[in-house]
Amino acid sequence: MNAQTNVPSLLSRAGAVSVLTIAAVGGTILAPGATSEAQAATRAAKALRVAASKAGSPYQWGATGPHRFDCSGLTLYSFKKAGKKLPRTAHQQYNKTRHIPASHRRKGDLVFFHSRGYVYHVGIYAGRGKIWHSPKTGALVRLERIWSRNALYGRVN
């Protein structure tokens, strides 16, 4: 055997050791195009700031900003400004997020309200049990206490 035939196997073993070493020390390996937790948290914080900046904007069914919003239009607009594209409806947004328990929610996570298996409303978690949302016809974008214990939570990656 010459040294040249061993090169690929040495590189393979070195690559495997590197991956195992990273995993052993608690590191992460991202697939191309993936978002790190730190990037996702920064994006969520920016989306939260955008939503808060829209306080007082009127609700309009189907509106996605910049001056009028429905619930999912506000979340779509806020995350778009933060650099992340979301689908249009609350139900589609729920299906696109990483679902998390209420005990793990963080500022900037999406809060979903549902009935009979269908998600009908969404807002952005602001901390301390409150969300920024565009609630209904005749209302304005506002910060409000979460009114249901059956809310679902999703993290935008």
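Residues numbered from 1 in each chain as written. Predicted model: local features only at pLDDT ≥ 70, side-chain atom pairs only at ≥ 80, totals over all residues. Heavy atoms only, no water.

### Thoughts on helix 2 (residues 37-53)
If you check helix 2, its first and last C-alpha atoms are 24 Å apart, about what 17 residues at 1.5 Å a residue would give, namely 24 Å. When we look at burial in helix 2, the residues that qualify are Ala40, Arg43, Ala44, Ala47, Leu48, Val50 and Ala51. Seen from one end, helix 2 has its buried residues packed into an arc of 160 degrees, which puts them on one side. Away from the buried face of helix 2 by more than 90 degrees, exposed residues Ala38, Thr42, Arg49 and Ser53 are located. Tucked inside the fold, the buried residues of helix 2 contact helix 3 (71-81), strand 3 (118-127) and strand 4 (130-133). (Helix = DSSP H or I, 4+ residues; strand = E, 2+ residues; numbered from the N terminus. Expected span 1.5 Å × (residues − 1). Buried < 20%, exposed > 50% of the residue type's maximum accessible area, 1.4 Å probe, protein only. Arc of directions from axis to C-beta. Contact = heavy atoms within 4.5 Å.)

### A word on the environment of Ala139
Relative to the elements of secondary structure, Ala139 occurs in the loop between strand 4 and strand 5 (142-145). With a relative accessible area of 7%, Ala139 lands in the buried category. With sequence-adjacent residues up to four places away left out, Ala139 is seen in contact with Ser57, Pro58 and Tyr59.

### Let's talk about the environment of Asp109
Topologically, Asp109 is positioned in the loop between strand 1 (98-100) and strand 2 (110-115). As for Asp109 and Tyr125, which are separated by 16 residues in sequence, their C-alpha atoms are 5.3 Å apart. Here the side chain of Asp109 touches Arg106 through a polar contact of 2.6 Å, landing on its backbone nitrogen. (Polar contact = N/O pair within 3.5 Å; in protein donor to acceptor, adjacent residues only side chain to side chain.)

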